[in-house]
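# Structural overview
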Amino acid sequence: MKGAIVVSRPGGPEVLEWVDRDPGLPGAGEVLVRHTAVGLNFIDVYHRTGLYPQPLPFTPGAEAAGVVEAVGEGVDDLSAGDRVAYTSNGPIGSYCEARVLPRRRLVRLPETIPDDVAAAVMLKGATVEYLVRRTYPVQAGDNVLLTAAAGGVGLIACQWLSAIGANVIGAVGSEEKADLARANGCTHTILYRDESITDRVREITDGAMCRVAYDSVGAATFEPCLASLAPRGMMVTFGNASGPVPPIAPLALAQQGSVFLTRPRLADYYATPRETADGIGALFEMIASGAVSPHIGARHALREVQEAHRHLEARQTVGSTILVP
Ligand code: NDP
């Protein structure tokens, strides 16, 4: 038997319960993976609360790294002992000690990428990859606005954008987070609990405003981010940590200067094996070059995931959090 976290009803962190279960054996085209590091993500909170409803009961979790324990029939390119990792382009369920997964979801890990780094970047780094390379291809010199810049996705985005040569303006919730965001590539920071995002962007950019705004905070920051765009800029609303963004009239986009609005999801950018190979390839190259190096702000035992969720929702985390099975 192996341990797993199960949610039987939507709710607060207390609904994350530890159970023992048999992970089973891999069938044709499948692999049994023993997890060594599991990534914590804000999407796990949306699944737990029911904002993104899941069939009950379910095991949360959208990224992990581990070791192959056994392979099923037809899997001839992986064998017991190989190190692998995966992200969320398929059913969730990584909050467990071991599970069976289709071979096609797994990426073999190069020696240069340790397990906890992989568990920190498979979802968060892949998200940054598609946002900055494909949703809006950022160019050197672009003014870029980013909210929750000291978070898991946020710090990786600061590093990647800085490597491109963008002028990164990070909005953060505290002085400590501002220091960390600057140390990871932010050119300017905005303490958005006290300062107006739009006024500060106007000041920092000398009125030029931003080519793109990447906003994952949602309800609390969508409007000031939109108002910080230059004409024909791009508003990318990709998360809802403070709550979902209310409906918006198309005319508001015209009034801001014919701006574009998109609400992207990883699954639509990692839709084919080819896109996945290209995206993960680009991410691993950024890690190998040293341009991206995830900041692991905390580690918790997987059994203590309730505490990890409390910290994440209380805005007490920085960078990536790893759950250790
Ligand atoms: P973070 O580490 O960024 O944690 C969330 C952060 O949001 C907090 O630290 C806090 O930073 C900020 N925040 C603002 N208001 C609140 C609030 N009311 N409650 C909690 N946090 C708040 O999480 P992740 O890196 O895991 O994810 C970042 C975002 O990216 C999430 O919204 C997630 O859903 C989204 N995402 C979207 C994907 C997609 O494809 N669309 C894929 C992956 C992630 P501060 O104190 O600085 O305000």
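Residues numbered from 1 in each chain as written. Predicted model: local features only at pLDDT ≥ 70, side-chain atom pairs only at ≥ 80, totals over all residues. Heavy atoms only, no water.

## Some remarks on the packing of helix α3 (residues 124–135) against helix α10 (residues 273–288)
Put simply, the rule reads: Note on geometry: axes are lines fitted to C-alpha atoms, helical ones only across the stretch in contact, with angles between N-to-C directions running from 0 to 180 degrees. Numbering of helices and strands runs from the N terminus; a helix is a DSSP stretch of H or I covering at least four residues, while a strand is a stretch of E covering at least two. For classification, angles of less than 35 degrees are called roughly parallel, those exceeding 145 degrees roughly antiparallel, those between 65 and 115 degrees roughly perpendicular, and all remaining angles oblique. Contact between two residues is taken to exist if any of their heavy atoms lie within 4.5 Å; hydrogens are not considered. Throughout, the ten residues Ala, Val, Leu, Ile, Met, Phe, Trp, Tyr, Cys and Pro are labelled nonpolar, Asp, Glu, Lys and Arg are labelled charged, and all others, Gly among them, are labelled polar.
At their nearest, the axes of α3 and α10 sit 9 Å apart, and the two run at 100° to each other. When the axes of α3 and α10 are compared, the pair comes out roughly perpendicular. Contacts from G125, A126, E129, R133 and R134 in α3 reach E275, D278, G279, I280, A282 and L283 in α10. The class makeup of the residues in the contact of α3 with α10 is four nonpolar, two polar and five charged.

## Describing helix α5 (residues 175–183)
Basically, it comes down to this: Classification of residues uses two cut-offs on accessible area relative to the type maximum, computed with a 1.4 Å probe and protein chains only: under 20% is buried, over 50% is exposed, and between them is partly exposed. Taking the helix axis as origin, the arc is that swept by the directions to the C-beta atoms.
Listed as buried for α5 are K177, A178, L180 and A181. Projected onto a plane normal to the axis of α5, the buried residues spread over an arc of 165° and lie on a single side. In α5, the exposed residues that point more than 90 degrees away from the buried face are E175, E176 and A183. Those residues of α5 that are buried are in contact with α4 (152–164), β9 (167–172) and β10 (188–191).

## Considering the pattern of salt bridges
The following threshold applies: In the sections that follow, a salt bridge refers to a side-chain nitrogen of Lys or Arg positioned within 4 Å of a carboxyl oxygen of Asp or Glu.
Under the defined criterion, the tally for this structure stands at 15 salt bridges. We note a salt bridge from R34 to E69, for which the minimum N-O separation is 3.1 Å. Of this pair, R34 sits in strand β3 (residues 30–39) while E69 sits in strand β4 (residues 64–71); the two residues are 35 residues apart in sequence, bridging distant segments of the chain. Residue classification places E69 among the partly exposed positions, given a relative accessible area of 37%. Across the pair R134 and E129 runs a salt bridge, and its minimum N-O distance is 2.9 Å. Linked by salt bridges that have partners in common, E129, R133, R134 and D278 make up one network.

## Comments concerning α10
To keep things clear, this is the line we draw: Multiplying 1.5 Å by the helix residue count minus one yields the expected span of that helix.
Here α10 spans 22 Å end to end across 16 residues, near enough to the 22 Å set by a 1.5 Å rise per residue. Looking only at α10, the buried set comprises T276, G279, I280, A282, L283, F284, M286 and I287. Of the surrounding elements, those touching the buried residues of α10 are β7 (107–108), α2 (115–121), α3 and α4. G290 sits one or two residues past α10 and shows a positive phi near 90°.

## Comments concerning the pairing of strand β14 (residues 296–301)
Counted only if it meets this: If DSSP finds at least two bridges between two strands, the strands pair.
Bridge count between β14 and strand β15 (residues 320–324): five bridges; the pairing is parallel. Along β15, the bridge assignment pairs I296 with S320.

## Some points on the sheet that holds strand β13 (residues 260–262)
The strand order across the open sheet built from six strands is β10-β9-β8-β11-β12-β13, with neighbouring strands paired in parallel fashion. The strands lining the two open edges of the sheet, one partner per strand, are β10 and β13. Looking at each pair of strands side by side, their axes are set apart by 15° on average, direction ignored. Across three bridges, the pairing between strand β12 (residues 229–237) and β13 is parallel. By the bridge assignment for β13, M235 is matched with L261. Taken strand by strand, α3 contacts β11 (210–215), β12 and β13, and its axis lies near 150° from that of β12. In the packing of helix α6 (residues 197–204) onto the sheet, the strands contacted are β8 (143–147), β9, β10 and β11, and the crossing angle to β10 comes to about 155°.

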